[in-house]
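# Residue-level structural notes
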Amino acid sequence: MGARESSAMAPPKKVDGDILVKLGQQTLEAISRFTKSIPQQGVWKDVEPGQLAADFAKEPPVEPTEYGQILQKLETTIFPGALSWQHPKFMAYYPSSSSVPAILSETVIASIGSVGLQWKSNPIGTELEVVVMDWVAQFLGIGPAFHHTSGVGGGIIQNTAGEAMLNIMICARTRMHRRLQPDLSWEDAFHQDSSSFVVYISDQAHFSVEKACRLAGLRCRRVAARLEGNFSLQPSDVKEAMEKDRAAGLKPVALVLTYGSTNTSGTDDIAAFKDFAQEDDLWIHVDAAYAGAAWSLDEFKKDSQAVSEVVTSVNMNGSKWFLCGFDSAFLWVRDRQLLLDVFSASGVYMADAGELSIYNPEFKDWSVPLGRRFRALRIWMVFEYFGTSGIRSYIQQAIDQANWLRERIEEEPKGLFEQPVTTKFGLVCVRCPSDEATLGLASRLSELGYGIAPSKICDRDALRIALGSTATTQAHVEQLWKDMLAFVQ
Ligand code: PLP
């Protein structure tokens, strides 16, 4: 048929409500079957790279495929090839918890089909993002200075924590050039030599921080965190590293603190770095991609209070331990101007933005992309559906399950397991007395269908058991403990 499709089979391009309902229902039924089948399978997929792609033609289909066949392929090839992060035995990485409202909101987002270029291109897209970013900040106890309603600070949804970090590092660099040379023109601030600028991070920080520094043209100094407790940065160690750098002619520009490190969920004591912003004029950023969710609980509120008092910016992922699904990387700044100074740009083809205000913050000037997805709708639907009480109880549940497992490990009388670090969120780090036994345990748990990834802590093998999948119940954790004991006894 060449480029022209056969009109008899061609589905209408226009969104047809009746077709949407009919095919939507069939699709939801397929998703429901998939969801119900998840617990019967293991977490990891027993496939080699390329094996799944071999099930697809090398060229795209020229003619339309009947929807029933598409669904069939979904069920026979796509779902079986997709690792389900919602599996009750999924305990790898950190959880990425989706939920019914998060899933359904994606269809609503696509149905609106908005490309949020600016307020005018989808007014509710912008206004709802302002509303939900303030909601989430309030819920976590991040202070009013970071809320949009302050008119000075505010928050924006980014694709990922790594991208948020890159944006922040670029802003920190530009800000420091302006501070050092107040007469610098706006344009020239971007072209300055930054080779003496240094960012300080913990050696436990996520590698995306180092990557962000690299991309922003900044030196990155990894300061060794202390093992005692769970790998925290000591202010005196950071001060010493800065003094050495200053003596060598370098200039400290930023400090990135981690709240919930990826390997062991260690936390830097944010309050202990309060003087750094005052004395050294540093940009202090907190990466709380995973554990920031815990700030919703009273027990951890003192830490978000420290964020409110000490930092310039903070990020937390709604896609990890927060029911909001991927992608929902929240970023808040104390002063939006720091972002606007770097990202403001426009063209004659854009509508007149009008006067900027709380509900018209012109988000295109807060980060790189012009077109932005209507992700705020997902966050709004999740908050409405569960309420803050529901989200809080989900976060508490992962901590309760982890506490239960931590206690069993501590009480185990024969010393069959040890916890190399003291963790306090939903992550439990555990190892056997020998690396060989730890790796043996990892393979046994994998055979039993668990998704638990081995890691290294202080050069020794260890297991990271990350609780927080919505399907994981107390019974699953108790079974896991029995399976661990059965292996070592
Ligand atoms: N920071 C921390 C503490 C993380 O745990 C992770 C991922 O696990 C990241 C940053 C990177 O997250 P993203 O995939 O959103 O870039």
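Residues numbered from 1 in each chain as written. Predicted model: local features only at pLDDT ≥ 70, side-chain atom pairs only at ≥ 80, totals over all residues. Heavy atoms only, no water.

By the naming in an unreviewed UniProt entry, the protein chain is Aromatic-L-amino-acid decarboxylase (AADC) (DOPA decarboxylase) (DDC), taken from Durusdinium trenchii. Its UniProt record gives the protein chain the following Cofactor (unreviewed entry) comment, quoted word for word: "pyridoxal 5'-phosphate". UniProt lists a comment for the protein chain under the heading Sequence similarities (unreviewed entry), and it reads "Belongs to the group II decarboxylase family." (UniProt positions renumbered as here; feature names shortened; annotations may be inferred.)

## Thoughts on the overall build of the protein chain
A count of helical and extended segments in the protein chain gives 13 helices and ten strands. Against the 2.2 N^0.38 benchmark of 23 Å for 489 residues, the protein chain shows a C-alpha radius of gyration of 25 Å, consistent with a compact globule. A principal-axis box enclosing the C-alpha atoms of the protein chain has dimensions of 70 × 70 × 45 Å. With 489 residues in all, the protein chain has 48% of them scored as buried. By sequence separation, contacts in the protein chain at least 24 residues apart represent 73% of the contacts at least 6 residues apart. A total of about 22600 Å² of accessible surface is found on the protein chain, and carbon and sulfur atoms cover 55% of it. On the protein chain, the mean spot of the 47 positive side-chain charges and the mean spot of the 59 negative ones are 2 Å from each other. (Helix = DSSP H or I, 4+ residues; strand = E, 2+ residues; numbered from the N terminus. Rg over C-alpha atoms; globule rule 2.2 N^0.38 Å. Buried < 20%, exposed > 50% of the residue type's maximum accessible area, 1.4 Å probe, protein only. Contact = heavy atoms within 4.5 Å. Areas by Shrake-Rupley, 256 points an atom, 1.4 Å probe, with all protein chains shown as cover. Lys, Arg positive; Asp, Glu negative; His and termini not counted. Charge placed at Lys NZ, Arg CZ, Asp CG, Glu CD.)

## Some points on helix H11 (residues 375–411)
In this model, H11 (37 residues) spans only 45 Å end to end at C-alpha, well below the 54 Å of a helix rising 1.5 Å per residue. If you look at H11, its biggest bend is around 90°, right at Gly 387. (Expected span 1.5 Å × (residues − 1). Bend = angle between axes of the 7 residues up to and from the residue.)

## What about the packing of aromatic side chains?
A complete count under the given rule lists 23 aromatic pairs for this structure. Between the aromatic rings of Trp 44 and Tyr 93, the centroid separation amounts to 6.5 Å while the plane-to-plane angle is 85°, which identifies the pairing as edge-to-face. Residue Trp 44 is found in the loop between helix H1 (17–37) and helix H2 (67–81), and its partner Tyr 93 is found in the loop between H2 and helix H3 (100–112); the two are separated by 49 residues along the sequence. For Trp 44, a relative accessible area of 31% gives the class partly exposed. What makes Tyr 93 partly exposed here is its relative accessible area of 46%. With a centroid separation of 6.5 Å and 25° between ring planes, the pair formed by Phe 90 and Tyr 93 is classed as stacked. By way of ring pairs, the aromatic residues Tyr 94, Tyr 259, Tyr 290, Trp 295, Phe 300, Trp 321 and Phe 425 are connected into one cluster. A cation sits over an aromatic face here: Lys 89 above Tyr 450, 4.6 Å from the ring centre. (Phe/Tyr/Trp six-rings, centres within 6.5 Å; stacked < 30°, edge-to-face > 60°. Lys NZ or Arg CZ within 6 Å of the ring centre and 35° of its normal.)

## Focus on the pairing of strand S9 (residues 453–457)
Across five bridges, S9 lies against strand S10 (residues 460–466) in antiparallel orientation. Bridging from a neighbouring strand, Ser 455 pairs with Ala 462 of S10. Here S9 folds back onto S10, and the loop between the two strands holds two residues, one of which, Cys 458, carries a positive phi near 50°. (Pairing = 2+ DSSP bridges.)

## Considerations on helix H5 (residues 161–180)
Here H5 contains 20 residues, and its C-alpha end-to-end distance of 28 Å stays within 8% of the 28 Å for a straight helix at 1.5 Å per residue. Most of H5 sits out of view: 14 of its 20 residues are buried.

## Observations regarding the packing of helix H4 (residues 123–140) against H11
Direction vectors running N to C along H4 and H11 enclose 25°, while the axes themselves pass 9 Å from each other. Between H4 and H11, the angle falls in the class roughly parallel. Regarding H4 and H11, the two cross each other, and that crossing is left-handed. Together, Gly 125, Leu 128, Glu 129, Val 132, Trp 135, Val 136 and Phe 139 of H4 and Ala 376, Leu 377, Ile 379, Trp 380, Phe 383, Glu 384, Thr 388, Ile 391 and Arg 392 of H11 make up the contact between the two elements. Its residues placed into classes, the contact of H4 with H11 shows eleven nonpolar, two polar and three charged. (Axes fitted to C-alpha atoms, helices over the stretch in contact; angles between N-to-C directions. Parallel < 35°, antiparallel > 145°, perpendicular 65-115°, else oblique. Left-handed = near helix turned anticlockwise from the far one by under 90°. Nonpolar A, V, L, I, M, F, W, Y, C, P; charged D, E, K, R; others polar.)

## Thoughts on the site of the ligand
The ligand sits among Tyr 94, Thr 160, Ala 161, Gly 162, His 206, Ser 208, Gly 260, Thr 262, Asp 287, Ala 289, Asn 317 and Lys 320. A distance of 2.7 Å is found between an oxygen atom of the ligand and a backbone nitrogen or oxygen belonging to Ala 161. In isolation the ligand offers 400 Å² of accessible surface; the protein chains occlude 84% of this area. Tallied by class, residues from the shell around the ligand come to three nonpolar, seven polar and two charged. (Near = heavy atom within 4 Å. Polar contact = N/O pair within 3.5 Å; in protein donor to acceptor, adjacent residues only side chain to side chain.)

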